[in-house]
Amino acid sequence: MKIKIAKGIEKTSEELIKLAQKYTWFVNGHEQSDFGEPGKISVSQSGNYLTDIYGNTYLEGLSGFAGCTLGRSNSHIIEAIVEELRTNPIVISGGGATPKQILLSQKIAERMPDKGEHLNHVCYGMSGSDANETAFKIARQYWKIQGQSTKYKVISRWGSYHGCHLGAVSASGFTFRRVGAEPLPPGFIHMNPPQCYYCPYKMIYPDCNLECAEELARLIEREDPSTVAAWIGDLVITALGPLPVPPEYPRRIREICDKYGVLMIVDEVITGWGRMGTWTASEYYGIVPDMLTLAKGVSALYVPLSVTVVKDDITRVFTGKNVFQHVYTMAGNPVSAACGLAVIEYIEEHNILEEVKRKGALGKAENDKLPQEFKCVGAAYSIGLEFGMQLVKDREKREKFPDEDAMGKVLVETGRKQGVLIYPFHGSVGTMPSLIVTDDELLKLFHALREGLRAVERRFL
Ligand SMILES: Cc1ncc(COP(=O)(O)O)c(C=O)c1O
């Protein structure tokens, strides 16, 4: 197949793959040969679908890792971006702002879980990694300014992902992502995740006194509260399912952070901006963190944009010689800001949050059936438009598949045959469609998952 790339430049699929393998480094666990797989190089996109270099069109089950929330051809967003590009395109060097950026900050603050009461200051970046890295640096400098410079440690959880920068990967809880970058900066400490299916304490929820949250108090005591700056966590642990935390968990973490003078950072890079049927997961769970990070959905992935939203009580101390020493040249780019505003407008004008609740219920009904239909589904999780399942070889023993990569491959290949891109992840499968997924597309996703699970059982059980 001939692919038109630019004026006067055409390549065949084979030529493009060869060029990609030679000049583009395929990272994130991929081999260069993976460029040749179907669905890896897209040539056009529309709605919730993408077309690859072989002419295959796929429904994307993960919506760009949960970020492409409003589809791939959203004219409202595209027009807003183009207009800003034509009129006010470049970020002001060394700081400064544009009218759209100022308005976006206000609109984001008003959509925080406390509706603009305390979480009011928006600090810009380009990625989720930036947003979390920024939060760690704010926490450390905040305590220094207060004369508590020994408070520098960040507590996070095994099994969570917070990004790829040195700080963010240190806070992340995946050994395979961390080891290559070691030695990591000091001061990043991990606690167990609230993963009931594989409870680290061998207890059964709800008769467990939420030991996984109480561990935070013990850890802070052990480290000494005078050394702990912040806690970071997501409220749906995407990398483990996606797995929603127990309903009481966020409030208990909030109480423990308050008790010990530890800043609570909630990573909403995936859960924020509509995926839960609310603007944030913090709102869904009824808590207000000290800092809240957003990326992905905040620009619906059209342009790089992330934010760290910070409480006024924190930003207030950053004055005089204590201003926050932190800058990304591209942060708060006017084009990104215009995109961010268009995203909020679109979500509100199209009643997306209510639609997510309705479609979430439809997806949950499908997801809940899977453990009854398939022996290899140990547990199924649903929250908002996030659906996950734990895959097991032996349900009685909760025993994992010995070769999870091989099992995942069968799911991916079966999904492709159904015209759907499925994403297994170390023994779990996450489905996070766009927020504009239609009912039929949602059912198509579950149909493809069922076909995949059938193939897994045929092959491995
Ligand atoms: C929960 C969470 N936090 C942070 C990140 C990092 O975001 P980015 O890839 O935009 O740097 C991710 C990425 O998937 C994520 O899932």
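Parameters at a glance
Residues numbered from 1 in each chain as written. Predicted model: local features only at pLDDT ≥ 70, side-chain atom pairs only at ≥ 80, totals over all residues. Buried ≥ 20, exposed ≤ 12 C-beta atoms within 10 Å, placed from the backbone. Helix = DSSP H or I, 4+ residues; strand = E, 2+ residues; numbered from the N terminus. Pairing = 2+ DSSP bridges. Domains from an automatic or database assignment. Nonpolar A, V, L, I, M, F, W, Y, C, P; charged D, E, K, R; others polar. Axes fitted to C-alpha atoms, helices over the stretch in contact; angles between N-to-C directions. Parallel < 35°, antiparallel > 145°, perpendicular 65-115°, else oblique. Left-handed = near helix turned anticlockwise from the far one by under 90°. Contact = placed C-beta atoms within 7 Å. Expected span 1.5 Å × (residues − 1). Near = placed C-beta within 6 Å.

J.: How do you make sense of the pairing of strand β13 (residues 291-294) when you look at a structure like this?
T.: Residues Met291 and Thr293 point to one face of β13 and Leu292 and Leu294 to the other, with burial holding for every one of them. Taken together, the 3 bridges between strand β12 (residues 263-267) and β13 define a ladder with parallel strand orientation. Of the residues in β13, the one forming a bridge with Ile265 is Met291.

J.: Sorry, what's going on with the pairing of strand β7 (residues 153-157) here?
T.: Side chains on a regular strand alternate between the two faces of the sheet. With respect to burial, β7 is a largely interior element, 5 of its 5 residues being buried. Neither face of β7 is open: one carries Lys153, Ile155 and Arg157, the other Val154 and Ser156, and all of them are buried. In the sheet, β7 pairs with strand β9 (residues 228-233) via 3 bridges, with the strands oriented parallel. Within the sheet, the bridge partner assigned to Lys153 lies in β9 and is Val228. Bridge analysis of β7 against strand β8 (residues 188-191) gives 4 bridges, and the strand direction is parallel. When the sheet's bridge partners are listed, Arg157 is paired in β8 with Met191.

J.: Sorry, what's going on with the domain arrangement of the protein here?
T.: Its domain assignment divides the protein into domain 1 (37-66 + 351-460) and domain 2 (78-349). The gap between the C-alpha centroids of domain 1 and domain 2 is 27 Å. Listing elements by their share of the side of domain 1 that touches domain 2, those giving two or more residues are α2 (63-66), α13 (352-373), β15 (377-383), β16 (386-391) and β19 (428-431). Element by element, the count of residues in the side of domain 1 that touches domain 2 is highest for α13, at 5 residues. Here the side of domain 1 that touches domain 2 is composed, by residue class, of 11 nonpolar, 8 polar and 3 charged.

J.: For this particular structure, what's the right way to read the packing of helix α4 (residues 99-110) against helix α12 (residues 334-349)?
T.: If you want to describe how two helices pack, look at the angle between their axes and the distance between the axes. Viewed as axis vectors pointing N to C, α4 and α12 meet at an angle of 40°, and their least axial separation amounts to 8 Å. One way to sum up the angle between α4 and α12 is to call them oblique. Viewed along their axes, α4 and α12 form a crossing whose handedness is left-handed. On α12, the residues touching Lys100, Gln101, Leu103, Leu104 and Lys107 of α4 are Pro334, Ala337, Ala338, Gly340, Leu341 and Ile344.

J.: I'm lost on helix α5 (residues 128-145) in this one. Help?
T.: For an α-helix, 3.6 residues make a turn, and residues three or four places apart therefore share a direction. Across its 18 residues, α5 extends 26 Å between first and last C-alpha, which sits within 8% of the 26 Å expected from 1.5 Å per residue. Of all the 18 residues making up α5, 15 are buried; the element is thus mostly covered by neighbouring parts of the structure. Where α5 terminates, the next one or two residues include Gly147, which has phi positive at roughly 80°.

J.: It is not clear to me how the site of the ligand should be interpreted in this structure. Could you clarify?
T.: Ser127, Gly128, Ser129, Gly163 and Val269 are the nearest of the 14 residues found near the ligand. Ranked by the residues each element gives to the shell around the ligand, the list is headed by α5, at 3 residues. Here the shell around the ligand is built from residues that sort into 5 nonpolar, 7 polar and 2 charged.

J.: Even after reading the chapter, I still don't get the sheet that holds strand β14 (residues 306-311), so can you show me in this structure?
T.: In sheet architecture, strand pairing relies on hydrogen bonds along the backbone and comes in two forms, parallel and antiparallel. Spatially, the 7 strands line up as an open sheet ordered β6-β14-β13-β12-β9-β7-β8, and their pairing is mixed. Of all strands in the sheet, those with a lone pairing partner are β6 (119-125) and β8, marking the two edges. Averaged over all pairs of adjacent strands, the angle between strand axes in this sheet comes to 25°, irrespective of strand direction. Those strands touched by α4 are β6 and β14, and its axis lies near 130° from that of β6.

J.: Explanation requested: the environment of Glu221 in the structure shown.
T.: Following the sequence through the fold, Glu221 ends up in helix α8 (residues 211-223). C-alpha of Glu221 to C-alpha of Tyr260: the two residues are 39 residues apart in sequence and 8.7 Å apart in space.

J.: When you look at unusual backbone geometry in this model, what are you seeing that I'm missing?
T.: Comment: phi is negative for the bulk of residues other than glycine, and the bulk of peptide bonds are trans. The omega torsion of the bond from Glu182 to Pro183 falls at 5°, within 30 degrees of zero and hence cis. Position of Pro183 among the secondary structure elements: in the loop between α7 (175-178) and β8. The peptide bond linking Gly241 to Pro242 adopts the cis configuration, its omega dihedral lying at 5°. Looking at the element boundaries, Pro242 is found in the loop between β10 (236-237) and β11 (243-244). Even without being glycine, Lys202 reaches a positive phi, approximately 55°. For Lys202, the position within the fold is in the loop between β8 and α8. Residues other than glycine seldom take positive phi values, yet Asn351 does so here, at roughly 55°. Relative to the assigned elements, Asn351 resides in the loop between α12 and α13. Given 10 C-beta atoms within 10 Å, Asn351 falls into the exposed group.

J.: Just checking my understanding: could you explain the packing of helix α14 (residues 404-417) against helix α15 (residues 439-460) for this structure?
T.: It is the contact of α14 with α15, at a shortest axis distance of 8 Å, that shows an interaxial angle of 135°. Of the possible angle classes, the one that applies to α14 and α15 is oblique. Helix-helix and strand crossings are classified by hand; for α14 and α15 the assignment is right-handed. Contact residues: α14 offers Met407, Val410, Leu411, Thr414 and Gly415, while α15 offers Ala448, Glu451, Gly452, Ala455, Val456, Arg459 and Phe460. Here the contact of α14 with α15 is composed, by residue class, of 7 nonpolar, 3 polar and 2 charged.

J.: Help me out: how do you make sense of the sheet that holds β16 in this one?
T.: Strand order in the open sheet made by the 4 strands is β15-β16-β19-β18, with antiparallel pairing throughout. Pairing within the sheet leaves two strands with one partner each, and these edge strands are β15 and β18 (423-425). Strand-to-strand twist of the sheet, defined as the mean angle between neighbouring strand axes without regard to direction, takes the value 20°. Pairing analysis gives 6 bridges linking β15 to β16, with the strands arranged antiparallel. Within β16, the position partnered with Ile383 by the bridge is Glu386.

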